[in-house]
Amino acid sequence: MSAIAPAPTRDALDARFFARPGAPPVEWAVTDALVPYERALAEMEARAAQIARGEAPERVWLLEHPPLYTSGTSARPGDLLDARFPVFETGRGGQFTYHGPGQRVGYVMLDLRRRRQDVRAFVATLEAWIIATLAAFNVKGERREDRVGVWTRRPDKPAGPSGETAEDKIAAIGIRVRQWVTFHGVSLNVEPDLVHFSGITPCGVRESHYGVTSLADLGLPVTMHDVDVAMRGAFEEIFGPTVAA
């Protein structure tokens, strides 16, 4: 009996997720005001259903939320340490995360039937999108096979118990797929209040040398508009053309 080959690492997956030739561009929407989570979820679900029925184009929606926590399908009750903000249960993958002002949330509503019906590759491509966005600001983002999201090395912080280099998470990823249409997406820490992450165990990661950071925390006080421009450019390189909503 031949051995089963191990699944390729996410780094080895093709970091391009273009739609088939002739597909319309992705609608690109940006909301400047804080968007209540309930409204965002309702709009995402409605749009995903329209996309699945072929009634609307794919969409990326960039926004910020008021302070809140969300729990994914793998969330553990003990990881909610202090419910100082509203907590919303979601159907996305992942565990607990924080959303709030200063964090750019990107909700990604794409039809994988027009692209590739490969959810694991899609998650890896979302990571590649954030890594390329960070590179525009000379920040080296990295993925980890045992931790979804995008991380930065912090040699300036205390090392782990066995001398491991400290690392901080700068972007979280959590998606849901229904009828091969994606929703939920990514959150990139631009300049949020990092103290708010202390109310949860972010993404279930408890090791003391793993923390949370932001562009501002790394000494890069960039504007949200600068981040939006970088995100759109990186998205088009990886997923294809966009058009303003």
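Predicted model only: the values in this text are computed from it and were never measured.

Comments concerning the overall build of the protein
Thinking step 1. Across its full length, the protein holds three helices and 12 strands.
Thinking step 2. Relative to a compact globule of 245 residues, whose C-alpha radius of gyration would be 18 Å, the protein shows 18 Å and is just as compact.
Thinking step 3. C-alpha atoms of the protein, sized along the principal axes, occupy 55 × 50 × 35 Å.
Thinking step 4. Among the 245 residues that make up the protein, the fraction classed as buried is 50%.
Thinking step 5. Contacts spanning at least 24 positions in sequence make up 71% of the contacts within the protein whose residues lie at least 6 apart.
Thinking step 6. Surface summary for the protein: the accessible area is close to 11200 Å², and the carbon and sulfur share equals 54%.
Thinking step 7. The averaged location of the 31 negative side-chain charges in the protein is 5 Å from the averaged location of its 28 positive side-chain charges.

Observations concerning helix H2 (residues 119–135)
Thinking step 1. With 17 residues, H2 should cover 24 Å at 1.5 Å per step; its first-to-last C-alpha distance of 24 Å lies within 8% of that length.
Thinking step 2. For H2, the buried fraction is high: 12 of the 17 residues fall into the buried class.
Thinking step 3. Among the residues of H2, Ala121, Phe122, Val123, Ala124, Thr125, Leu126, Glu127, Ala128, Trp129, Ile130, Thr133 and Leu134 are the ones counted as buried.
Thinking step 4. The distance from a side-chain oxygen at the start of H2 to the backbone nitrogen of Arg120 is 3.3 Å, and the residue carrying that oxygen is Asp118.

Considerations on the nonpolar core
Thinking step 1. Phe122, Leu126, Trp129, Leu215 and Phe239 are the most contacted members of the largest nonpolar core, which totals 36 residues.
Thinking step 2. Within the residue set of this core, elements represented by two or more residues are strand S1 (26–34), strand S2 (59–64), H2, strand S9 (167–178), strand S10 (181–189) and helix H3 (224–239).
Thinking step 3. With sequence-adjacent residues up to four places away left out, Trp129 is seen in contact with Trp28, Val60, Val108, Val186, Met231, Ala234, Phe235, Ile238 and Phe239.

Rules used in this analysis
- Residues numbered from 1 in each chain as written.
- Predicted model: local features only at pLDDT ≥ 70, side-chain atom pairs only at ≥ 80, totals over all residues.
- Heavy atoms only, no water.
- Helix = DSSP H or I, 4+ residues; strand = E, 2+ residues; numbered from the N terminus.
- Rg over C-alpha atoms; globule rule 2.2 N^0.38 Å.
- Buried < 20%, exposed > 50% of the residue type's maximum accessible area, 1.4 Å probe, protein only.
- Contact = heavy atoms within 4.5 Å.
- Areas by Shrake-Rupley, 256 points an atom, 1.4 Å probe, with all protein chains shown as cover.
- Lys, Arg positive; Asp, Glu negative; His and termini not counted.
- Charge placed at Lys NZ, Arg CZ, Asp CG, Glu CD.
- Expected span 1.5 Å × (residues − 1).
- Polar contact = N/O pair within 3.5 Å; in protein donor to acceptor, adjacent residues only side chain to side chain.
- Core = buried A, V, L, I, M, F, W, Y, C linked by side-chain atoms within 4.5 Å.

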